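Each chain, letter by letter, is given below.
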Amino acid sequence: MNAPHTPAHVIIDDFLPEQDAADLLAFALENRTAFEPAVVVRDGDVLAEKDNRSAMTSTDLGPMRSTFTAAVEAHFEHLCKGIGLAPFGISGWDMSLAVHRDGDFFSEHIDTLTAENRDTLPGDRLISMVYYMHLPGARFEGGELVVRHLFGRTEPVRIAPRHNRLVAFPSIAPHAVEPVRVPGNAWEDARFSVNCWLLRGRG
Ligand SMILES: O=C(O)CCC(=O)C(=O)O
Ligand SMILES: [Fe+2]
């Protein structure tokens with residue numbers, strides 16, 4: 001359980017069986033051409049906004065998609081409890097692979113879609129999850145996830161992007177990715193992740 005005054009978040013280390021973690025990372029490493037520069041969506045407009053975010057994403061998880069969703073489903077009640085939410089019917093999954101390379105970052109934001117953006121998904125993002133992966137000895141530095149609580153004067157939590165670590169938090173919690181440094185900027189040295197949002201249907 002989280003202490004009462006820390007942001008409600010859950011960390012699960014060794015989230016996937018070792019072989020699945022290696023296969024998922026291998027899939028991301030091998031499918032480099034599927035990644036495109038990430039965009040920021042605001043008020044219904046898709047913005048390639050270098051001021052707020054620099055990363056690349058791909059919605060193709062291939063055969064690893066079902067491996068990943070099954071693992072999340074197995075932890076669903078635990079995740080809800082740690083975040084302080086009653087379990088809900090998942091109306092949809094929003095998922096992508098992401099890579100942060102040298103100089104990449106994501107300034108503070110929330111994942112909840114509001115206004116016109118809300119209609120782009122078949123439900124509201126309630127839980128945000130980030131699953132980290134990288135090769136042993138990958139040379140990136142930085143890229144900590146910083147999660148801030150919405151209310152109260154509490155210290156933000158800073159979470160290192162450790163291989164095979166899942167972090168979950170409420171999608172409305174402000175969070176950011178600190179700048180990543182990758183000496184030499186080799187693809188194999190980057191900070192890879194799966195971003196996954198659990199959607200709840202609307203009444
Ligand atoms: O990569 C991370 O640690 C977080 C990414 C994120 O906040 C997002 O994609 O919305
Ligand atoms: Fe986010």
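Sequence order as written defines the numbering, with residues in each chain counted from 1. Both sets of labels track the order of writing: A upward for chains, 1 upward for ligands. The predicted nature of this model means local features are confined to residues of pLDDT at least 70 and side-chain atom pairs, given and counted, to a pLDDT of 80 or more, with totals for whole chains, interfaces and linings taken over all residues. Based on all heavy atoms of the structure, the side-chain values leave hydrogens and waters out of the count.

- The protein has the name Fe2OG dioxygenase domain-containing protein in an unreviewed UniProt entry, where Erythrobacter litoralis is given as its organism.
- UniProt positions are given in the numbering used here, feature names are shortened, and annotations may be inferred rather than shown by experiment. The annotation that UniProt attaches to the protein under Cofactor (unreviewed entry) is "L-ascorbate".

Focus on the coordination of the iron ion (ligand 2)
Thinking step 1. Surrounding the iron ion (ligand 2) are the protein donor atoms His109 (NE2), Asp111 (OD) and His175 (NE2), which sit 2.0 to 2.2 Å from the metal.
Thinking step 2. For the iron ion (ligand 2), the donor residues sit on a single chain with the sequence spacing H-x1-D-x63-H. Placement of the pair is His109 in strand 8 (residues 105–109) and His175 in strand 14 (residues 175–177), with a sequence separation of 66 residues. Accessibility classification places His109 together with His175 in one group, the buried group. Only nitrogen, oxygen and sulfur atoms within 2.8 Å of the metal, or 3.2 Å for Na, K and Ca, are treated as donors, and water is left out, so sites may look incomplete. To qualify as a helix, a DSSP run of H or I must reach at least 4 residues; to qualify as a strand, a run of E must reach at least 2; elements of each kind are numbered from the N terminus. Think of it in three bands: residues with accessible area under 20% of the maximum for their type are buried, residues over 50% are exposed, and the middle band is partly exposed, with areas taken using a 1.4 Å probe on protein chains only.

Points about the pairing of strand 7 (residues 90–100)
In the case of a regular strand, side chains alternate between the two sheet surfaces.
Thinking step 1. Of all 11 residues in strand 7, 8 are buried, a share of seventy percent or more.
Thinking step 2. Direction of pairing for strand 6 (residues 56–58) relative to strand 7: antiparallel, over a ladder of 3 bridges. Bridge pairing in strand 7 places Thr57 opposite Ala98.
Thinking step 3. DSSP calls a pair of strands paired once it identifies at least 2 bridges connecting them. The pairing of strand 7 with strand 16 (residues 191–200) spans 10 bridges and is classified as antiparallel. When the sheet's bridge partners are listed, Met95 is paired in strand 16 with Cys196.

Let's talk about the sheet that holds strand 12 (residues 157–159)
Two modes of strand pairing occur in sheets, parallel and antiparallel, and in both the strands are linked by backbone hydrogen bonds.
Thinking step 1. Across the sheet, which stays open at both edges, the 5 strands sit in the order 5-8-14-11-12 with antiparallel pairing between neighbours. Unpaired on one side and paired on the other, strand 5 (53–54) and strand 12 mark the two borders of the sheet.

Describing the sheet that holds strand 2 (residues 36–37)
Thinking step 1. Ordered in space as 1-13-9-16-7-6-2, the 7 strands form an open sheet in which the pairing is antiparallel. The open sheet terminates on both sides in strands that have one partner only, identified here as strand 1 (10–13) and strand 2.
Thinking step 2. Summarising the sheet, strand 9 (residues 124–133) and strand 16 pair through 9 bridges and their orientation is antiparallel. By the bridge assignment for strand 16, Met129 is matched with Cys196.
Thinking step 3. With respect to the sheet, helix 1 (residues 18–30) is in contact with strand 7, strand 9 and strand 16, its orientation differing from that of strand 9 by roughly 90°.
Thinking step 4. By the convention used here, residues are in contact when the closest approach between their heavy atoms is within 4.5 Å. Lines are fitted to the C-alpha atoms to define the axes, a helix being fitted only along its stretch in contact, and any angle between axes, read from their N-to-C directions, falls within 0 to 180 degrees. Of the strands in this sheet, strand 1, strand 7, strand 9, strand 13 (165–170) and strand 16 are in contact with helix 2 (residues 64–83), which crosses strand 7 at around 110°.

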